[in-house]
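Notes for the structure review
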Amino acid sequence: MSQDLTHRAVIKKALGAYEIKRDENRSKYLNWQEARQAASEIKWEAVNHLDHYLLEMTKNLEARGTKVFWASNAEEARQYVISLAVEKKVKSIIKSKTMTSEEIHLNGALEKLGYDVVESDLGEYIVQLNEEPPYHLVFPAMHLTRGQIKEIFKRKLGSDTSDLPEELTMVARNIMRQKYLTADMGISGANFGIAETGMISITENEGNARLTTSFPKIHVSLMGIEKVIPKLGDLAILLPLLATAGAGQQITCYNTMIGGPRQPGECDGPEEFHLVLIDNRRTELLADAEQRDALHCIRCGACLNVCPIFKNSGGHSYGTTYQGPIGSVITPHLRGLQDWKHLSSASSLCGSCTEVCPVKIDIHHHLLHNRRNAATQMPVWWERIAFKGFSIATANPALFQLGIKIARVFQPLHFLVKGTLFDPVRAWTQTRDLPNIPAKSFRQQWKSKQ
Amino acid sequence: MNIHLYVPCFVDQLYPKAAMAMVEILEKLGHTVEFEEKIACCGQPAFNSGYWEEARTVAARTVEGLESAEVVVIGSGSCGAMLHKFYPELFKETPLAEKANALANKTYEFTDFLVRKLGVTDLGAKFPHKITYHDGCHGLRELGIKSQPRQLLEKVQGLTLVEMKEAESCCGFGGTFSAKFPLVSSAMGDGKCASALETEAEYIVSADSSCLMQIQGLLTRQQKPIQTIHIAEVLVSR
């Protein structure tokens, strides 16, 4: 328990600073709600005409020499990158932050084949060294204190510094700079794909993505198909919104647009640019009209930052690439409802996520929809019996009265689920007291009042 | 006005004082209060757990039982959200769709009804205590209730409202969630209680008895020097 409390305190502290900056920068908008609405409309247009905008984007990218690969699943995406690395005799790979790469488990596959793969985002680098998955889709190492990071660096890199952020950063920087020079492949993600101009847009704060995408001879970008937007001008609203919602910033330090490999006459940039467009069951979510708006997600992480479940149980407890409320919504679609439906139950449905989502995804209601789909497609036998009993008891006043009489003797509501794992009383009384049951219910008092 | 008071199942059984207080307030304002004894529950436990078919069976009784009601007042933001917001979705494309929509449109949460529908804020109450207010999530985010209870509390003689930092944070109840994930649920409640204690208030007031059951359950177990009370009970205090 004490371990838990320390962990919670670390997360609370990390988010405390974010909350202040987020509120400060949100207040600079003339109308934050209008901005959310505008962003949501841009994403709605894109997601509902995905076929059109993806083709427009790839046509424009290919015209400047980009090689586009359409991966229908994780395996195809991994194989493409691996084959490319083999073909081009790649030895060393540097990466900038990409959750899509986590989704397709690219690092493990590459390392297994003997490639040296290094994450260049500082947070990602730290969790890579610590051999654990990212804790948060925007702040991968938010659960680690400076002291713990110092220890990780000491253990893995043999460094001997204090826990001052400046010193720790210099350790990582010295290693990273060498990696940029020696890497022959750079792998990045893409925050947005722009159909109109045929570009990908990358948002970052450390400058590592610029180096990753321009130093090595080959640049590979991994992008989920839902990341395409219609126009370059759409970034005028999406970039600041992403920065404010995601990191509490007015705008992130570096925003890069990449439209292809190095063009004739240009003095820098990679010789080859490959864009891997990943479906990986996103089209199944697209086919679900009710939850299609979950594809609006710009991976800002705002919903994680306000989620009481995330704050109290932590990012690793989800066991998913995408943590928090949005992860609980989309993971059952991307990886199967049966195995991931429990995430949708792990919510008090408080709605904080939906309230902050900058692209207005109806997040917490989709958790309800997932629960409904799970109960319809594969009901849990004892739950179904419990709720059948519940519906019979509460729909029939005489039976309900009888139930209440029994409940009064034993425990309130216990009669619904007594003796099952679903027993609320057992779960309740572990940490909480039950209220004293009054002698007379409202019903009885009402009757005697009449 | 002829008002149908909808008393949620757990309020009926565990917190009758809150419901009786609502009756007293509404009658004192000159309205006739009715209570439909045939209705036991709004169906939310089944609905929130995904068992919509079972939820519909329960909810149908509410929809039909309140068909002739002029206006329905409900003493819980959570059950209020169920009737007002989720019934239309639950009964979409079913024979009861129209009736469910009609019910949704005439259903009000208690504080919302007093302030917005009746335009009343001063009920002549006296409650000489320092309190802090907990915004129940369903009332706050599904129904948009924020200022209504505060307008009512402002007029209570002797009452001092000290807002807590985490007023809008979830108490961790979440219906079946509190039983399915008891430790996460309790951790959330602990955060709420700690924030309330910081205000040094004597009472945590809310319009949702289910939240108060969660909060009081933790407070009693941990023997904390603060109590919970439903807003209706504050508003009938003299």
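All values reported here derive from a predicted model rather than from experimental measurement.

What counts, and where the lines are drawn
Residues numbered from 1 in each chain as written. Chains lettered and ligands numbered in written order. Predicted model: local features only at pLDDT ≥ 70, side-chain atom pairs only at ≥ 80, totals over all residues. Helix = DSSP H or I, 4+ residues; strand = E, 2+ residues; numbered from the N terminus. Rg over C-alpha atoms; globule rule 2.2 N^0.38 Å. Buried ≥ 20, exposed ≤ 12 C-beta atoms within 10 Å, placed from the backbone. Contact = placed C-beta atoms within 7 Å. Axes fitted to C-alpha atoms, helices over the stretch in contact; angles between N-to-C directions. Parallel < 35°, antiparallel > 145°, perpendicular 65-115°, else oblique. Left-handed = near helix turned anticlockwise from the far one by under 90°. Nonpolar A, V, L, I, M, F, W, Y, C, P; charged D, E, K, R; others polar. Pairing = 2+ DSSP bridges. Domains from an automatic or database assignment. Core = buried A, V, L, I, M, F, W, Y, C linked by C-beta atoms within 7 Å.

**Things to note about the overall build of chain B**
Looking only at helices and strands, chain B has 13 helices and 8 strands in total. The globule rule puts the C-alpha radius of gyration for 238 residues at 18 Å, and the 17 Å found for chain B is close to it. Dimensions of chain B, computed from the C-alpha atoms along their principal axes, are close to 50 × 45 × 25 Å. Per-residue burial over chain B gives 58% buried out of 238 residues. Sequence-distant contacts in chain B: of pairs separated by 6 or more residues, those separated by 24 or more amount to 77%.

**A few points about the packing of helix α5 (residues 77-90) of chain B against helix α6 (residues 97-105) of chain B**
Residue and element names in this part refer to chain B. Between α5 and α6, the least distance of the axes is 8 Å, while the angle of their chain directions is 160°. One finds that α5 runs roughly antiparallel with respect to α6. Considering only the axes of α5 and α6, their crossing is left-handed. Of α6, the residues touching α5 (which contributes L83, H84, Y87 and P88) are A100, N101, L103 and A104. For the contact of α5 with α6, the per-class residue count stands at 6 nonpolar, 2 polar and no charged.

**Some details on the pairing of strand β4 (residues 185-188) of chain A**
Residue and element names in this part refer to chain A. Every second residue of β4 is oriented toward a common face, with M185 and I187 on one face and G186 and S188 on the other, all of them buried. In this structure, strand β2 (residues 92-95) lies alongside β4, joined through 3 bridges in parallel fashion. Considered in β4, the bridge of I93 is made with M185.

**Quick look at the domain arrangement of chain B**
How large an interface is tends to be reported as the accessible area lost when its parts come together. Residues and elements named next belong to chain B. Under the domain assignment, chain B is made up of domain 1 (2-117) and domain 2 (130-235). Each of domain 1 and domain 2 was reduced to a C-alpha centroid, and the two centroids are 22 Å apart. Each partner contributes residues to the interface: domain 1 has 28 residues there, and domain 2 has 22 residues. For the side of domain 1 that touches domain 2, the elements supplying multiple residues, two or more each, are α1 (9-14), α2 (16-28), α3 (44-48), α5 and α7 (110-117). Here the side of domain 1 that touches domain 2 is composed, by residue class, of 13 nonpolar, 10 polar and 5 charged.

**A short note on the environment of G301 of chain A**
Residue and element names in this part refer to chain A. As for its position among the elements, G301 is in the loop between α12 (282-286) and α13 (302-306). Of the residues examined, G301 has 25 C-beta atoms within 10 Å and is grouped as buried. If sequence neighbours within four positions are ignored, G301 has contacts with H136, L137, V138 and G246.

**Quick word on the sheet that holds strand β8 (residues 228-229) of chain A**
The strand order across the open sheet built from 4 strands is β8-β5-β6-β9 (chain A), with neighbouring strands paired in mixed fashion. Sheet topology places β8 and β9 (254-258) of chain A at the edges, where each strand pairs with a single neighbour.

**Some points on the nonpolar core**
If you look at the biggest cluster of nonpolar residues, it comprises 194 residues, and the most contacted ones within it are L238, V276, I278 and C303 of chain A together with M22, V73 and Y87 of chain B. Leaving out residues up to four positions away in the same chain, C303 of chain A has contacts with G324, P325, I326, C353, V356, C357 and I363 of chain A.

**Comments concerning the interface of chain B and chain A**
Each partner contributes to the interface: chain B provides 48 residues, whereas chain A provides 47 residues. Elements supplying a minimum of two residues to the side of chain B that touches chain A: α1, α2, α3, α4 (52-65), α8 (137-142), α10 (177-180), α11 (182-198) and α12 (209-222) of chain B. Considering each element in turn, the side of chain B that touches chain A owes the most residues, 6 residues, to α12 of chain B. A per-class count over the side of chain B that touches chain A returns 26 nonpolar, 13 polar and 9 charged.

**Looking at the sheet that holds strand β6 (residues 160-161) of chain B**
Across a sheet, strands are paired by hydrogen bonds formed along the backbone, either parallel or antiparallel in direction. Residues and elements named next belong to chain B. Taking strand neighbours across the sheet as the criterion, the 4 strands line up as β6-β5-β7-β8 in an open arrangement whose pairing is parallel. Edge strands, defined here as strands with exactly one partner in the open sheet, are β6 and β8 (227-230). By the bridge criterion, 4 bridges tie strand β7 (residues 203-206) to β8 in an arrangement that is parallel. The residue bridging V205 from the neighbouring strand is I229, located in β8.

**With respect to the pairing of strand β6 (residues 199-204) of chain A**
Residues and elements named next belong to chain A. Counting buried positions along β6 yields 6 of 6 residues, so the element is predominantly enclosed. Side chains M199, S201 and T203 project from β6 onto one buried face, and the interleaved I200, I202 and E204 project onto a second face that is buried too. The pairing of strand β5 (residues 192-194) with β6 spans 3 bridges and is antiparallel. In the sheet register, F192 faces β6, and the bridge partner there is S201. Hairpin connection, β5 to β6: the antiparallel pair is bridged by 4 residues, and G198 has positive phi, about 65°. When β6 meets β9, the two strands line up antiparallel, connected through 5 bridges.

**Here we look at unusual backbone geometry**
Residues and elements named next belong to chain A. Despite not being glycine, E131 has its phi angle at roughly 55°, a positive value. Note on placement: E131 falls in the loop between α7 (122-129) and α8 (146-157). Classification of E131 as exposed rests on a count of 8 C-beta atoms within 10 Å. A positive phi angle, close to 45°, is found at N280, a residue other than glycine. Looking at where N280 falls in the secondary structure, it is placed in the loop between β10 (272-278) and α12. On the basis of neighbour counts, which here come to 20 C-beta atoms within 10 Å, the residue N280 falls in the buried class.

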